[in-house]
Amino acid sequence: MTSTTDPDRSAATLVAADPYGWLEDVEGEEALAWVRARNAEAQAALTTSPRFEELRTGILEVLDSTAKIPGVVQRGEHLYNFWTDAEHVRGVWRRTTWASYRTAEPEWEVLIDVDALAEAEGVGWVWHGARVLRPSFTRALVSLSRGGSDADETREFDLVTKTFVPDGFHRPESKGGMGWADAAGEEVFVYTDVGDGSMTTSGYPRTVRRWQRGAPLAEAPEIFAGERTDLSVVAVHDTTPGFERDFVVRSRAFYDSDTYLLQDGALTRLDVPRSAEPGVQREWLTVELREDWEVAGRTYPGGALLATRFADFLAGGRDFEVLYAPTATTSLAGASWTRHHLVLNILDDVTNRLEVLTPPADAGPWRRRPLDLGEDAGAVPALATIAVGAVDPDEEDALWLSTSGFLSPTTLSRLDLDADGVTVGVERLKSLPAFFDATGLTSSSTSSGPTTAPGCRTSRSPGSRPRPAGVRRRPCSPATAASRSPACPRTPARWGAPGWPGAGCTSWRTSAGAGSTGRGGTRRRCASTVTAPTRTSPPWPATSSPAG
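Just so you know, these numbers come straight off a predicted model, no measurement behind them. (Residues numbered from 1 in each chain as written. Predicted model: local features only at pLDDT ≥ 70, side-chain atom pairs only at ≥ 80, totals over all residues. Heavy atoms only, no water.)

**Focus: unusual backbone geometry**
Each neighbour pair has its own omega, and for arginine 134 with proline 135 the value is 5 degrees, a cis peptide bond. Positive phi, normally seen in glycine, also occurs at aspartate 167, with a value near 60 degrees. With respect to the element layout, aspartate 167 can be found in the loop between β8 (163-164) and β9 (170-174). What makes aspartate 167 exposed here is its relative accessible area of 80%. Within the chain, arginine 282 stands out as a residue other than glycine whose phi angle is a positive 55 degrees. (Helix = DSSP H or I, 4+ residues; strand = E, 2+ residues; numbered from the N terminus. Buried < 20%, exposed > 50% of the residue type's maximum accessible area, 1.4 Å probe, protein only.)

Encoded structure:
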């Protein structure tokens, strides 16, 4: 792809410099026709394979199963879920209570039936998520995409009447987004196409506006404008009680961004490397590094997670505590805040290791202890994928705990911590059924060496019987992903191509590309490991949360 800092270069100039320059016009008819042709070629090649229908049927059996774990996010007294199955192809947005969710068959209150909405409006709507207003939890901003495109529209939804709000906030179809900008629900941040010059050359919003209820969108004041050659800009409102703040994020590229604190109309850039990921939770600033950073006479390694008090940082202090530093065998898979703790998910070769870090009330270092998985810790399968995420980081020290193995289905639990980070209870909530017979199969880890990456291997035990003729290959069940909730992180495929573990074939899973690296040059150790989304406050959302 051609790189240019001049947004006004003509297509003819691009083509002269690059014979594929016409692909820069990502929404141009010529580029789209080329994409459609390539898609048709790929579809023809894939669908004519003898295994295509077999795989398709097996995957749909899992995806459409009503036995999936319904991934939820907690908003106030309700647990919200977005659900799809064979009956609800486009899906339903629904909610339940904790008491009902704990039962085998929860009672769901349907808020939006996307299939019914699509039929009523004659539009092939695809769910793009919702943002629930805090702390009242009475309204939501719902995003819907026409046919699943990147462009979507946002509508205001009343969670009491369960209807779209007449003359409420409405963002017309465009790439971009909209999020609440105050607790009363009278203002939103909107970043969308508002006319000439409002979009970047990548096709995403270049400006952010603060829009008040009842005012025309065109008259909403602009609070930030990036360059046309940027990737995109967004704004978010931190709703943490007592720590309400506004932030603007300007992304030049996927791993090149600036974060600004917006106070009284003034913007203050957070002075961290543009490749780093800053996060603010209550009084703390964390910085996850992708490359080495030399500051205040110290050099912090790429892949490290740093912390300091946010007020001290804004005042010029650069005294960071290193919460995590990578080693030859470890990388940081995730970090999740609860009300009083920060839980780190560290990947050591192919094994998750979880630690609870507690910040000091005044001076002193952070306290650290291993996360105790409770009495059921012994039931966690070998080489398990373990994911955690906060239930409600504003109010509770509770975690969603998801565990799954190559040969065992996913289990979802709730884990509660006390003020010292000690586990005081683990409640098993849901488990998936087995979608294939794992009899005679074993999983093992592979060690790393000078030319090999550590990984995972699933194979048939010596002397065990092969798969009987006529028994269809089946993938292991993926759970429904929910943004900012690890209730059901997607489950890796437990089978290899072209064979099936146990039919004389060995399935290998290693780090994604033996030579690939993660943030800060640290190697991601096993492609099978899926972690819960990191919860920073404010979050830096590209899209709304699927479940709310």
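**Comments concerning the sheet that holds strand β22 (residues 305-309)**
Spatial strand order, β18-β19-β22-β23: 4 strands in an open sheet with antiparallel pairing. Of all the strands in the sheet, the pair left with one neighbour each is β18 (277-281) and β23 (321-324). Between one strand and the next, the sheet's axes are offset by a mean angle of 30 degrees, whatever the strand orientation. Of the pairings in the sheet, the one linking strand β19 (residues 284-288) to β22 comprises 5 bridges and is antiparallel in character. Each residue of the ladder has a partner; that of leucine 285, found in β22, is threonine 308. (Pairing = 2+ DSSP bridges. Axes fitted to C-alpha atoms, helices over the stretch in contact; angles between N-to-C directions.)

**Focus on the sheet that holds strand β13 (residues 222-225)**
The strand order across the open sheet formed by 4 strands is β10-β11-β12-β13, and the pairing between neighbours is antiparallel. Every other strand in the sheet has two partners, leaving β10 (177-180) and β13 as the edge strands with one partner each. Ignoring strand direction, the axes of neighbouring strands in this sheet form an average angle of 20 degrees. In terms of strand pairing, β10 meets strand β11 (residues 187-191) through 4 bridges, oriented antiparallel. For glycine 179, the partnering residue across the bridge sits in β11 and is phenylalanine 189.

**Things to note about the side chain of threonine 240**
Checked against the element boundaries, threonine 240 lands in the loop between β14 (232-238) and β15 (245-253). Within the local environment of threonine 240, its side chain forms a polar contact with the side chain of aspartate 238, the two groups lying 2.8 Å apart. (Polar contact = N/O pair within 3.5 Å; in protein donor to acceptor, adjacent residues only side chain to side chain.)

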